[in-house]
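Below, each chain spelled out in residue letters.
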Amino acid sequence: MFTKAFRVKSNTVIKGSDRRKLRADVSAAFPSLSADQLGELVPNKEELNIVKIYAHKGDAVTLYVLQKSPIFFQLEKQLYPTVYTLWRYADILPAFTTWPQVVQKLIGGADLMLPGVVVSSTGLPDVHQGDCCAISVVSNRAPVAVGTAALSSSEMISSAMKGKGVNVLHTYMDQLWAFGDKTAPPVIPVADGSVQVEGGVEGLDSGGEGKEEVMKCEGEESEGPRGTQVAVLELPCQNLQDLSLGQMDSLLFQCFLHALKIKVKKSELPLLTSTFLRKHMAACCPKGKHLDIKKSSFKKLSKFLQCMQKEHSLVRVKELSKGVDSIVEVDWKNPELCSFCIPEDWEPPEEAVEGDGSSELPYQPPVITPLYGVTSRLEPLFQDAHRKKGAVLQASEVRTIITDYVKRNDLVLESNKRTPPSVCRVLSRMQACHQLLFPGQVPVVRKGQVEPIDINVASRGSNKKVTIIKNLEGFGMDPVVVAETLQHRVQASYVLHDIPGAKDRQLVQIQGNQVQHVGKLLLEQYQIPRKYIQGLDKAPKLGKKK
C-alpha cells in the first residue's frame, strides 16, 4: 500500500477528545498492552498529530504521528500498528516468520505466500481470516511488515501450506516508514531457534508490481528505497553500542549541552521540544551511539526537560499550546553550559552532496521575465523580422523591431520626429506572456500575466478565522513544505484542499489570521518579490483591540 509516495491531505494537532478516543481504540484493538505501555504510545502531553493521506491507489488513510514518527494507521476503520510501534512492543500482534531473502520482495510490494513461511516447533500463530498480523525473519523477532491474514491458521494447514498467507499493507523501508525518523529495526533475539522449513523462498505473490527478483547471500547488501543500504539476511540496525540506563542518561545530558552550545540560537525560541530532540540533540550524538529516551531513566522527553529546568536551571519549558511543550528560554550564562567542551571524537554530520538524489536543495525563487506574443493583427509589423503569429519577444526586442520598421518605411514625422505607432501601444495590443526560469531548469513560458500568490482571510464558525494561501505551485513551492513550516512557526494546525478545476493544485488553510507570518516567510525565506504576493494588507492591525 505504501510502496509509492502518498499525498498528504491534512496535518493537524490531535484534540483532547480524539486523543482519549485513540487511547480507547488502541486498548480495545491490542488488549495485551499494559496501562503504562498505553500511556507511552498515546501520551497526554507529547506532540501527537493526525495526518490524513491518500495512498497512490486512492485509499484514504489516517496516520497517528508521535514525535514525527507514525505509530498507527487507520484503514477502513481498522487500526494497524506501524513497524515503529512493533519494534517497541513486538508481542502485540501474532507474527509469521519468513526467510530474510523474502524481505526485499515484501518491500517491493509482494504479499507473503505460505510456501515462504517458516514454521517453528510451536506451529503457526493462531489467527482468523482478516486478523492483523506481523511478519518477522528467522534471525530477528523485530517485525519487518504488517498485514492481514488471508486465511485462518487451520485453513493454512489444511491447504498444505500453499497459496497466499498474508496480505501485506506496510513494510520496513516503504514510504510510511520513510515518513518517520527512518531508523533501522532493532535486534530482538529469537526465543525458539528450532524451525521446520515448509517450502523455499519461491512462494511470493508480486501483486502485479513487476519488481525485480532480489536474492542475496549471507553478508551481502542490497539497495533499498532512496538508496538506503539494508542488510537483507540479518537486518542489523547499524553497529550501535548498547548503553545502560546511567550511560544513556549521561549521553542525553551531553547531547543536551552540546545542542544548546552550538545548535540553538536565541532567534529560534520558542522551540518545540520534539524539534529540539530530533534536529539538534540527535545531530550532536557521537558516532556509533544512538539516543533513545525510552532506554534512559527518564523514559519521556518531558521528564528529562523538567529535570534540566528544575535541577540544572538550563532552560525554561512552557506549554504554549494545548499538549505541546516548547523551550521558551535558555540560560546562556549557566556555569554547566559555559564550561561544557565539545567532545573531540564528535564529527559534524556530512553536508548533502550537490546532485545527490537523496538531498534536497534549498529553494531558490524563479527569475520572472515579461514577454509579449505576436497576434494575427500585428503580424504584418513583424514579417520583416521573420516573426510569425505566436512568437514571443521581450520588450527590448519589440522596440528594436518597431524602430527598424518605422525607419525602413520612412514613417517618422518631420514635425516632432516621433515614432508612430508608439511602441507602448504595440505592446499593449500584444499577447501578454511571461517566462519562469528556475535555477538549473529549462525556462518555462506561459501565456497571460504572472498569477500572484493569493493570501486571504476567511471566517469559519462564529468567531474563528483561517488564512488561505493559493498558487504556491506557480512559483515552484511545495504546499506541504510551506504548510509544515508555518505550522511550526505559529503553532497552529493546517489543512490542504484540492482547488476545483485546477489539476495538481492545492490551497493551504491554516488556523487564525497568519497573514503577517505568511508574508514574512514568503518575503524573507523564499525571497518572493512583494509585487507577486497579493493580500499582505489583510494582516491584523497591531495596537487596536476590539
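Residues numbered from 1 in each chain as written. Predicted model: local features only at pLDDT ≥ 70, side-chain atom pairs only at ≥ 80, totals over all residues. Heavy atoms only, no water.

(A) Layout of the overall build of the protein. A tally of helices and strands in the protein yields 14 helices and 27 strands. Here the protein holds 546 residues, and 43% of them are scored as buried. If you take every contact in the protein between residues at least 6 apart in sequence, the share linking residues at least 24 apart comes to 62%. Element-wise, carbon and sulfur atoms account for 49% of the exposed surface of the protein, whose accessible area totals about 29,600 Å². (Helix = DSSP H or I, 4+ residues; strand = E, 2+ residues; numbered from the N terminus. Buried < 20%, exposed > 50% of the residue type's maximum accessible area, 1.4 Å probe, protein only. Contact = heavy atoms within 4.5 Å. Areas by Shrake-Rupley, 256 points an atom, 1.4 Å probe, with all protein chains shown as cover.)

(B) Expanded view of the packing of aromatic side chains. Overall, the coordinates contain 12 aromatic pairs when judged by the stated rule. Centre to centre, the rings of F30 and F72 are 5.9 Å apart; their planes meet at 20 degrees, and the pair counts as stacked. Linking F30 in the loop between helix 1 (16-29) and helix 2 (35-41) with F72 in strand 4 (residues 69-75), this pair joins segments that are 42 residues apart in sequence. Judged by relative accessible area, which is 0%, F72 ranks as buried. Ring geometry for F298 versus F304: centroids 5.2 Å apart, planes at 75 degrees, classification edge-to-face. (Phe/Tyr/Trp six-rings, centres within 6.5 Å; stacked < 30°, edge-to-face > 60°.)

(C) Highlighting helix 8 (residues 273-281). With seven of its nine residues buried, helix 8 lies for the most part within the structure. T273, S274, T275, F276, L277, H280 and M281 are the residues of helix 8 that are buried.

(D) Quick peek at the pattern of salt bridges. Applying the stated criterion across every chain, the model contains eight salt bridges. A salt bridge links D25 to K21, with the shortest nitrogen-to-oxygen separation between them at 3.0 Å. Of this pair, D25 and K21 are both found in helix 1, four residues apart, which corresponds to roughly one turn of the helix. Overall, K21 belongs to the exposed group, its relative accessible area being 51%. Close ionic contact of E40 with R88 constitutes a salt bridge, the shortest N to O distance being 4.0 Å. Of the two residues, E40 sits in helix 2 while R88 sits in helix 3 (residues 83-88), which places them 48 residues apart along the sequence. Residue E40 is classed as partly exposed on the basis of its relative accessible area, which comes to 23%. (Salt bridge = Lys/Arg side-chain N within 4 Å of Asp/Glu carboxyl O.)

(E) How the structure looks around the packing of helix 8 against helix 9 (residues 301-310). It is at 10 Å that the axes of helix 8 and helix 9 come closest, and there the two elements cross at 90 degrees. With respect to each other, helix 8 and helix 9 are oriented roughly perpendicular. Packed against helix 8, whose contacting residues are T273, S274, L277 and M281, the element helix 9 presents L301, F304 and L305 at the interface. Grouping the constituent residues of the contact of helix 8 with helix 9 by class yields five nonpolar, two polar and no charged. (Axes fitted to C-alpha atoms, helices over the stretch in contact; angles between N-to-C directions. Parallel < 35°, antiparallel > 145°, perpendicular 65-115°, else oblique. Nonpolar A, V, L, I, M, F, W, Y, C, P; charged D, E, K, R; others polar.)

(F) Geometry of the packing of helix 7 (residues 245-262) against helix 9. The N-to-C vectors of helix 7 and helix 9 enclose an angle of 65 degrees; their axes lie 12 Å apart at closest approach. On the basis of the axis angle, helix 7 is roughly perpendicular to helix 9. You can see that helix 7 and helix 9 cross each other, and the crossing is right-handed. Along the contact surface, helix 7 presents L252, F253 and F256, while helix 9 presents F304, L305 and M308. (Left-handed = near helix turned anticlockwise from the far one by under 90°.)

(G) Representation of the confidence of the model for the protein in the model. Per-residue confidence for the protein gives a mean pLDDT of 80, with 84% of residues at or over 70. When pLDDT is averaged over each element of the protein, strand 5 (residues 78-81) comes out on top at 94 and strand 15 (residues 229-231) at the bottom at 35. Low pLDDT (under 50) marks residues 193-204, which in the prediction has 28 contacts with non-local residues, meaning those over four places away or in another chain. Ignoring residues within four places in sequence, the model shows residues 206-241, a span with pLDDT below 50, making 75 contacts including any to other chains. (pLDDT = per-residue confidence, 0-100.)

(H) Fine view of the sheet that holds strand 25 (residues 494-498). Spatial strand order, 5-4-3-2-1-25-26-24-23-27: 10 strands in an open sheet with mixed pairing. Looking along the sheet, the strands with just one partner apiece sit at the ends: strand 5 and strand 27 (533-534). Bridging between strand 1 (residues 7-13) and strand 2 (residues 48-54) involves six bridges; their strand directions are antiparallel. Its bridge partner lying in strand 2, S10 is registered against K52. The strands that helix 14 (residues 515-525) touches are strand 23 (453-460), strand 24 (464-470) and strand 27; relative to strand 23, the one it contacts most, it runs at about 165 degrees. (Pairing = 2+ DSSP bridges.)

(I) Structural detail: unusual backbone geometry. Here the phi dihedral of K77 falls at roughly 65 degrees; this positive angle occurs in a residue that is not glycine. Of the residues examined, K77 reaches a relative accessible area of 80% and is grouped as exposed. Despite not being glycine, N471 has its phi angle at roughly 65 degrees, a positive value. Tracing the sequence through the fold places N471 in the loop between strand 24 and helix 13 (479-490).

(J) Summary view of the sheet that holds strand 19 (residues 367-373). Pairing is antiparallel across the open sheet formed by four strands, whose spatial order is 20-19-21-22. Each end of this open sheet is capped by a strand with a single partner; those strands are strand 20 (392-393) and strand 22 (444-447). As defined by bridge partners, strand 19 adjoins strand 21 (residues 431-437) across seven bridges and the pair is classed as antiparallel. Across the sheet, residue G373 finds its bridge partner in strand 21, namely Q431.

(K) Fine view of the nonpolar core. Among the nonpolar cores identified, the biggest contains 63 residues, and V26, L63, M477 and L522 are the most heavily contacted of them. With residues up to four places along the chain from it excluded, the contact list for L63 reads F6, N49, I50, V51, I53, F72, F73, L176 and F179. Ranked by size, the runner-up nonpolar core spans 31 residues in total, among them A259, C284, C307 and V317. (Core = buried A, V, L, I, M, F, W, Y, C linked by side-chain atoms within 4.5 Å.)

(L) The arrangement of the environment of L436 in detail. When you line up the elements, L436 lands in strand 21. For L436, a relative accessible area of 2% puts it in the buried group. Between the C-alpha atoms of L436 and F475, which are 39 residues apart in sequence, the distance is 8.3 Å. In this structure, L436 is in contact with P366, V367, I368, P443, V444, R446 and G474, ignoring residues within four places of it in sequence.

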